[in-house]
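Inside the fold
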Amino acid sequence: MATPSWNKKLSEVLGYQTQEITKVSPRTGNEYTTDAIAVLNVASTGSVDDLGDGFYRYSIVDTQKGFEFLIKTANKVDVKFGTALSFKMVVGGSLDNGRGWYSAESVMEIKRSV
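The structure reproduced in this document is the subject of the present report. Quick caveat: nothing in here was measured; it's all calculated off a predicted structure.

Rules of the game
- Residues numbered from 1 in each chain as written.
- Predicted model: local features only at pLDDT ≥ 70, side-chain atom pairs only at ≥ 80, totals over all residues.
- Heavy atoms only, no water.
- Helix = DSSP H or I, 4+ residues; strand = E, 2+ residues; numbered from the N terminus.
- Buried < 20%, exposed > 50% of the residue type's maximum accessible area, 1.4 Å probe, protein only.
- Phe/Tyr/Trp six-rings, centres within 6.5 Å; stacked < 30°, edge-to-face > 60°.
- Lys NZ or Arg CZ within 6 Å of the ring centre and 35° of its normal.

**Description of the overall build of the chain**
When helices and strands are counted, the chain shows one helix and seven strands. N-terminal to C-terminal, the α/β element order of the chain is α-β-β-β-β-β-β-β. For the chain, the spread of C-alpha atoms along the principal axes amounts to about 60 × 30 × 25 Å. By residue count, 32% of the 114 residues in the chain fall in the buried class.

Structure follows, in structure tokens:
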């Protein structure tokens, strides 16, 4: 008999279709499978923090879903308020405080034609 689970999938939390991918934990070296959003297009609030370990944390807003959250990735893009960003292979999970963590393989600025 199965037990109920209160853990939601990434697709339920952010409202985007996900695909199952295999990753390798940098800490343990073990392979695991997780759900990922292939491409997530959002806007920057103008803030990017250098985490000092080769990663950067972006403060972003998803105007389609009405969410504001932080997302971590390994490359840096210079941003200002409203910069359109595209994150690739976004994964995430829950924290003990009920909020979530999010990371992506990469980020790039979406250039808009004038």
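**Quick notes on the packing of aromatic side chains**
On inspection of all chains with the given rule, the structure shows two aromatic pairs. Centroid distance Tyr 58 to Phe 87: 5.7 Å. Interplanar angle 75°. Geometry classified as edge-to-face. One end of the pair, Tyr 58, is in strand β3 (residues 56-62); the other, Phe 87, is in strand β5 (residues 84-94), and 29 residues separate them in sequence. What makes Tyr 58 buried here is its relative accessible area of 0%. Take Phe 87: its relative accessible area is 0%, and that puts it in the buried class. Their ring planes at 50° and their centres at 4.6 Å tell us that Phe 69 and Tyr 102 sit as a pair that is tilted. Of this pair, Phe 69 sits in strand β4 (residues 67-73) while Tyr 102 sits in strand β6 (residues 100-103), and the two are 33 residues apart along the sequence. You'll find Phe 69 and Tyr 102 in the same group, each marked buried. Sitting above the plane of the Tyr 16 ring, Lys 65 keeps its charged end 4.9 Å from the centroid. Between the NZ or CZ atom of Lys 72 and the centre of the ring of Phe 55, over which it lies, the distance is 4.7 Å.

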